[in-house]
Amino acid sequence: MLAWYIGLRYLRRRRAAWLALAAITLTVAASVVVMGISQGFVDVMERQVRAMESDLTAEPSPGRYAVDDTSERRRQIAEVPGVVAVGPFIQTWALMTPRSGVGDKLADSRYTVMAQVDAVDWAADTRLGRVDPRMLHAANEMDLNAPPMLPERRGTGFLTPDWRDHTVLIGLSVIAGAGALPPPPRSSPIPGVVVGREIPYSQGITVGTQVRLETTTGKVRAEVSDTLASGVYEIDRMAVFMPLPLGQRLADMHATDERPAQVGGYRARLADGVDARAAAAAVEERSYLWVRTWRQRRGNLVASAEQQRDLMLVQMIVIQFITVFIVYAVFSTLVAEKRHDLGVLLGIGARPRQVMGVFLVASLVACGIGSALGWALGWAVLPVLDPLWWWLFDKPLFPPEIFYSSELPISFDPQWPLLFLGLMSGVGLLAALLPAWRASRIDPAAILREAD
Amino acid sequence: MGLAVSGLAKGYPGLSVLRDLDLAVADGEVVAIRGQSGTGKSTLLHCLGLLDRADAGAIMLGGRDLAPLTAAARADARARHIGFVFQAFNLLLEFDALENVLIPARILGLPLAAATAEARALLERIGLGTRMHADVRTLSGGERQRVSLCRALLTKPALLLADEPTGNLDPATAKIVLDELVTLARDRKASVVIVTHDGEIAKRADRTLELREGRLW
């Protein structure tokens with residue numbers, strides 16, 4: 001086709017066309033970087049919130065605090081379409097006091113903190129995928145100003161497979177089939193708990209500290225095995241994770257002669273893409289429990305990050321439109337430069353729409369290639385942004401003490417580059433429309449008279 | 001069938017350029033049109049080439065009146081049936097010699113393989129076989145005009161219009177180019193109308209007419 005043939009040739013040979021290509025590439029690259037970070041913040045925020053929340057949480061109706069933990073009830077929830085894992089839990093408040101280390105005595109009560117206890121069946125909870133191993137800190141990772149943790153040091157704590165073996169060794173038979181075990185990491189018979197990162201930071205509790213947790217219904221001893229940072233201060237200031245049997249003793253929900261063991265509710269994980277509200281309704285119908293989605297419980301934080309991301313998106317779209325003016329200027333110049341050629345083409349029989357097509361094709365290709373290059377450039381820059389910042393300013397771009405995450409808030413979600421590619425191609429085509437139309441209106445007779 | 005023009009008139013506000021002009025050119029015939037500057041030679045050529053719309057009259061080519069055609073049909077007729085050779089060559093500088101010759105085929109969407117073979121044959125025949133892929137900016141005036149001639153003849157037009165085709169060439173080159181133009185056009189049985197001041201062209205033409213007072217004499 002004539003339009004493609006000549007349009008591509010003009011694009012290749014004219015410097016002005018390269019200018020348009022560069023402008024498009026840089027605009028799309030900048031947009032991809034900005035949206036990659038904005039989406040990354042949303043993702044990190046969502047992961048942090050969902051670390052404390054499951055997709056669905058089924059609890060007794062208001063006024064009741066516990067339900068009998070029966071296999072029938074677990075099955076009812078597990079059989080709901082879309083549910084891929086179910087795990088019981090107990091949530092309760094407790095006072096946590098460290099031991100002084102002298103004569104097995106408790107420390108001064110001024111060291112007592114209010115703990116929000118989350119007792120879980122670790123094996124089931126692992127399947128729930130609630131706690132991201134990246135949120136667990138290495139045992140000695142207590143420095144809030146420390147640089148992001150190296151990947152190999154992440155997840156060495158309590159909720160990982162390492163810890164599962166550990167739990168069996170310290171005498172809690174909550175995990176079946178652990179198989180051959182490595183040598184015990186320590187000989188303490190006391191069960192371990194994972195505490196929010198702010199607790200040791202503010203209370204002087206460290207990994208290995210023995211603590212007592214008590215409620216009005218019971219008290220237990222435990223040892224701090226690891227810390228966890230969700231990034232939400234209110235959570236990290238109070239959260240204490242422990243194995244379900246320990247929580248049942250603390251909350252007086254353990255099995256007795258009169259009743260089976262009880263739990264505070266169930267958490268369920270859904271398959272990707274499943275409508276959480278519909279699944280919640282189905283679980284409610286089957287289990288007679290009160291079910292809420294994670295967004296209903298703690299969705300506001302994520303929603304605020306999403307709103308900021310959307311505002312950035314609006315700004316990026318505005319910038320795309322500004323770039324379109326450059327495309328317009330470049331193609332107007334190109335039409336003026338090639339006026340003689342266009343007159344000759346029209347003179348020897350090219351139709352006006354063919355001449356118009358020359359510039360529309362050139363614009364479409366410039367926008368398409370420029371956007372694709374911008375996409376590639378943006379994605380190439382995203383991973384090196386933080387190291388580059390370190391190198392230039394000797395400090396992290398995303399300080400972990402602000403983000404509470406050793407993970408960089410970067411997303412490679414292709415929806416944003418695809419959006420910019422489509423948008424730039426569309427508006428680029430519109431920008432070339434007027435110059436292209438002018439090109440098609442050239443009077444060939446006048447051009448040929450001028451030439452002769 | 002050739003070209004048959006009758007009653008052609010063309011004017012501008014306050015100025016009548018062509019008046020009731022008649023012209024007939026047989027297939028393979030070469031007609032030279034001479035006239036003083038400003039007598040309307042280029043206007044006549046533009047009307048014959050459907051670049052300008054005549055005010056009145058018929059332009060029959062191959063038995064079909066082209067004058068009343070719509071703009072799109074006129075463009076199509078130009079591409080299919082009329083070849084142009086300009087004094088200033090009017091080659092496209094972004095393309096090499098062969099690519100320039102192939103432009104009409106691309107306009108018409110003709111099969112490229114056959115068109116390329118035809119273009120190569122034309123270029124070989126006029127001695128540009130070794131310069132097919134040369135940047136047209138590096139070609140001499142005579143070579144450029146020969147490329148222009150090949151482009152005009154690629155689609156085997158029924159009518160070849162040439163406006164001072166040797167105007168920018170030295171006498172020796174002009175003679176060569178003119179020979180090639182006449183020979184190729186006759187071989188292809190194209191009706192040829194050449195507008196010129198050049199007496200040599202008039203000698204090579206089958207007929208020479210003079211444009212005066214809006215008519216051909």
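For the structure, see preceding data.
Residues numbered from 1 in each chain as written. Chains lettered and ligands numbered in written order. Predicted model: local features only at pLDDT ≥ 70, side-chain atom pairs only at ≥ 80, totals over all residues. Heavy atoms only, no water.

S.K.: Looking at this model, I keep getting lost on the overall build of chain A. Mind explaining?
M.R.: In terms of regular secondary structure, chain A is built from 15 helices and 11 strands. With 452 residues in all, chain A has 51% of them scored as buried. Restricting the contact set of chain A to residue pairs at least 6 apart, pairs at least 24 apart contribute 79%. (Helix = DSSP H or I, 4+ residues; strand = E, 2+ residues; numbered from the N terminus. Buried < 20%, exposed > 50% of the residue type's maximum accessible area, 1.4 Å probe, protein only. Contact = heavy atoms within 4.5 Å.)

S.K.: Looking at this model, I keep getting lost on the overall build of chain B. Mind explaining?
M.R.: Scanning chain B from terminus to terminus reveals seven helices and 10 strands. Scored against the burial criterion, the 217 residues of chain B give a buried share of 58%. In chain B, 72% of the contacts between residues at least 6 apart in sequence involve partners at least 24 apart. Counting every atom, chain B has about 8,500 Å² of accessible surface; 53% of that belongs to carbon and sulfur. (Areas by Shrake-Rupley, 256 points an atom, 1.4 Å probe, with all protein chains shown as cover.)

S.K.: What exactly am I supposed to notice about the packing of helix α1 (residues 2-13) of chain A against helix α12 (residues 352-393) of chain A here?
M.R.: In a packed pair of helices, the relevant descriptors are the angle between the two axes and the axis-to-axis distance. Residues and elements named next belong to chain A. The interhelical angle for the contact between α1 and α12, taken along N-to-C directions, is 55°, at an axis separation of 7 Å. As far as their axial angle goes, α12 and α1 are oblique. The crossing of α1 and α12 is right-handed. Between α1 and α12, the residues in contact are L2, A3, W4, I6, G7, L8, Y10 and L11 and Q354, G357, V358, F359, V361, A362, V365 and A366, respectively. Split into classes, the residues belonging to the contact of α1 with α12 amount to 13 nonpolar, three polar and no charged. (Axes fitted to C-alpha atoms, helices over the stretch in contact; angles between N-to-C directions. Parallel < 35°, antiparallel > 145°, perpendicular 65-115°, else oblique. Left-handed = near helix turned anticlockwise from the far one by under 90°. Nonpolar A, V, L, I, M, F, W, Y, C, P; charged D, E, K, R; others polar.)

S.K.: What's the story with the nonpolar core in this structure? I'm lost.
M.R.: Proteins that are soluble and globular tend to have nonpolar side chains buried together. By size, the foremost hydrophobic cluster in this structure holds 87 residues, and its most contacted members are F359(A), L3(B), L23(B) and V193(B). Among the elements that make up this core, the one with the highest residue count is α12(A) (nine residues). In terms of nonpolar packing, the next biggest core, distinct from the first, is built from 41 residues, V30(B), L91(B), L102(B) and L122(B) among them. (Core = buried A, V, L, I, M, F, W, Y, C linked by side-chain atoms within 4.5 Å.)

S.K.: Help me understand the packing of aromatic side chains in this model?
M.R.: For any pair of aromatic rings, the description consists of the separation of the ring centres together with the inter-plane angle of the planes. Enumeration over the complete set of coordinates arrives at six aromatic pairs over all chains. Judged by centre distance (6.2 Å) and plane angle (40°), the ring pair of Y10(A) and F359(A) falls under tilted. Here Y10(A) is found in helix α1, whereas its partner F359(A) is found in helix α12, with 349 residues between them in sequence. Note on W389(A) and F393(A): the rings are 4.8 Å apart at their centroids and 55° apart in plane angle, and the pair reads as tilted. Taken together, the positions of W389(A) and F393(A), both in helix α12 and four residues apart, correspond to about one turn of that helix. The residue whose ring lies beneath R267(A) is F89(A), and the NZ or CZ to ring-centre distance is 4.1 Å. Seen from the ring of Y5(A), R106(B) lies directly overhead, with NZ or CZ sitting 3.4 Å from the centre. (Phe/Tyr/Trp six-rings, centres within 6.5 Å; stacked < 30°, edge-to-face > 60°. Lys NZ or Arg CZ within 6 Å of the ring centre and 35° of its normal.)

S.K.: Can you help me understand the sheet that holds strand β4 (residues 56-61) of chain B in this one?
M.R.: The pairing of strands in a sheet happens through backbone hydrogen bonds and is either parallel or antiparallel. Residue and element names in this part refer to chain B. Spatially, the four strands line up as an open sheet ordered β2-β1-β4-β5, and their pairing is antiparallel. A strand with exactly one partner marks an edge of an open sheet, and here the two such strands are β2 (15-25) and β5 (64-65). Bridge count for strand β1 (residues 3-12) against β4 is five bridges, and the pairing is antiparallel. In the sheet register, V5 faces β4, and the bridge partner there is I59. (Pairing = 2+ DSSP bridges.)

S.K.: Would you explain the environment of V193(A) in this entry?
M.R.: One can find V193(A) in strand β5 (residues 192-196). Residue V193(A) is classed as buried on the basis of its relative accessible area, which comes to 0%.

S.K.: Explain the sheet that holds strand β6 (residues 82-85) of chain B here, please?
M.R.: All names here are of chain B. Taking strand neighbours across the sheet as the criterion, the six strands line up as β6-β7-β8-β3-β9-β10 in an open arrangement whose pairing is mixed. Here the strands that pair on one side only, and so sit at the sheet edges, are β6 and β10 (215-216). The pairing of strand β7 (residues 159-163) with strand β8 (residues 191-195) spans five bridges and is classified as parallel. Directly across from D163, in β8, lies its bridge partner V195. Along the sheet, helix α5 (residues 141-153) makes contact with β6 and β7, crossing β6 at roughly 170°.

S.K.: Help me understand the pattern of salt bridges, please; the structure alone is not making it clear to me.
M.R.: Side chains that differ in charge, positive against negative, can pair when their charged atoms come close. Summed over the entire model, instances satisfying the criterion amount to 24 salt bridges over all chains. Residue D179(B) is joined to K175(B) by a salt bridge in which the shortest nitrogen-to-oxygen separation is 3.4 Å. Of this pair, D179(B) and K175(B) both sit in helix α6 (residues 171-187), separated by four residues, roughly a single helical turn. With a relative accessible area of 23%, D179(B) lands in the partly exposed category. If you follow the salt bridges from partner to partner, you end up with E72(A), R75(A) and E79(A) in one network. (Salt bridge = Lys/Arg side-chain N within 4 Å of Asp/Glu carboxyl O.)

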